[in-house]
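Coordinates in review
Here's the letter readout for the chains.
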Amino acid sequence: MYYIDQTYESKIIINKSVFICHLIPVTSIDEVNESLQMYRKKYYDATHNCYAYILGDKMDIQKCSDDGEPSKTAGAPILDALKKSEYTNILAIVTRYFGGILLGAGGLIRAYSDSTSSCINLVKPLIKKELLVCSVPLDYKEYNQITSFNYITISETLFLSNVIVTINIEAKDKEKLLKDLESLLRVTNLELEFREESKLVRL
C-alpha cells in the first residue's frame, strides 16, 4: 500500500485535447469534497473535471465520476490506474479541455488512464510503518553525535538549555538505540518511555 504527502500535477495533449491530472493526498470524504470544490473553481472553464478517489488502509472506500463524459470512459480508468499502482488516501482529478476532435470511447479510456499514470510516475511514494517513538534530553555535544545514528529519524528537536530530540525507530532497533545511548550518555540501564505510532515514511 502506498501513500502520497503532497500534490502532484502532470499534463498531456491528445488530439488537441488537454488533460491535466492532479493527485492530491486526502484522508476523508470531507477533504475529497473540499479539493473537488477548489479544483472545479480553478478550472471552471474546463470541459470536464473527472475524478476518482480511494480511502482507507484497506482501500475500502472508492468512488469515481465521469463528469459528463460517456459512461465508464473517464472515472473508471482513473480509478483503475490508482488501484493498479496500489495507492490509497488519494484523490485523482483529471481536467479536460476539449480540442475539437472526438476520441471515441476507447480513446477516452486510454487518455484518462494515461493522464493518471503519467502523474503517478512523478510520485515519490510513502509506505506506512509501525514505529517506536521516544524523547531524549541531550546536551549540545551529545546532540551533534546522535545525528550520526543512521538508523534513527529525528522528527522534532527542541533547543532549550539542553536539546530534547524526538526519535523514531523501527522496533528491531530498540536495543541498539538503548546501547548506543548508554555509551553516548555514559550511563547504564537506561530506561526510555517508548510509544507506538504509525508513520508514513519515504521508500
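Structure: above.
I will try to describe carefully the structure that is included in this document. (Residues numbered from 1 in each chain as written. Predicted model: local features only at pLDDT ≥ 70, side-chain atom pairs only at ≥ 80, totals over all residues. Heavy atoms only, no water.)

**Here's the deal with the packing of aromatic side chains**
Taken as a whole and judged by the stated rule, the model has six aromatic pairs. Between the aromatic rings of phenylalanine 19 and tyrosine 112, the centroid separation amounts to 5.2 Å while the plane-to-plane angle is 85 degrees, which identifies the pairing as edge-to-face. You can see phenylalanine 19 sitting in strand E2 (residues 17-25) and its partner tyrosine 112 sitting in helix H3 (residues 104-120), a full 93 residues away along the chain. For the pair phenylalanine 19 and tyrosine 112, one class covers both residues: buried. Seen from their ring centres, tyrosine 140 and phenylalanine 159 are 6.1 Å apart, and the 25 degrees between their planes marks the pair as stacked. Remark: phenylalanine 159 occurs in strand E7 (residues 153-159) and tyrosine 140 occurs in helix H4 (residues 140-146); sequence separation between them is 19 residues. Through pairs of rings, three or more aromatic residues link up here, namely Tyr140, Tyr143 and Phe159. (Phe/Tyr/Trp six-rings, centres within 6.5 Å; stacked < 30°, edge-to-face > 60°. Helix = DSSP H or I, 4+ residues; strand = E, 2+ residues; numbered from the N terminus. Buried < 20%, exposed > 50% of the residue type's maximum accessible area, 1.4 Å probe, protein only.)

**Overview of the side chain of asparagine 49**
Note that asparagine 49 resides in strand E3 (residues 48-55). Judged by its relative accessible area of 8%, asparagine 49 falls in the buried class. Among the polar contacts listed, one links the side chain of asparagine 49 to the backbone oxygen of tyrosine 43, at a separation of 3.4 Å. Setting aside residues up to four positions removed in sequence, asparagine 49 forms contacts with Tyr39, Arg40, Tyr43, Asp67, Val94 and Thr95. (Polar contact = N/O pair within 3.5 Å; in protein donor to acceptor, adjacent residues only side chain to side chain. Contact = heavy atoms within 4.5 Å.)

**Considering the side chain of threonine 95**
Following the sequence through the fold, threonine 95 ends up in strand E5 (residues 90-97). Given a relative accessible area of 0%, threonine 95 falls into the buried group. At a separation of 2.7 Å, a polar atom in the side chain of threonine 95 contacts the side chain of asparagine 49. Sequence-distant contacts of threonine 95, defined by excluding residues within four places in its chain, comprise Val18, Phe19, Ile20, Tyr43, Ala46, His48 and Asn49.

**Description of the pattern of salt bridges**
The final tally for this structure, using the stated rule, is nine salt bridges. Across the salt bridge formed by glutamate 69 and arginine 96, the nearest N and O atoms sit 2.9 Å from each other. Residue glutamate 69 is located in the loop between strand E4 (61-65) and helix H2 (75-84), and its partner arginine 96 is located in strand E5; the two are separated by 27 residues in the primary sequence. Here the two residues glutamate 69 and arginine 96 agree in accessibility, since each one is buried. (Salt bridge = Lys/Arg side-chain N within 4 Å of Asp/Glu carboxyl O.)

**Description of the environment of threonine 166**
Note on placement: threonine 166 falls in strand E8 (residues 163-169). Judged by its relative accessible area of 8%, threonine 166 is buried. In the structure, threonine 166 is positioned 105 residues away from isoleucine 61 in sequence and 34 Å away in space, judged by C-alpha atoms. Not counting residues within four places of it along the chain, the set of residues in contact with threonine 166 comprises Val133, Cys134, Ser135, Thr153, Ile154, Ser155, Glu156 and Arg195.

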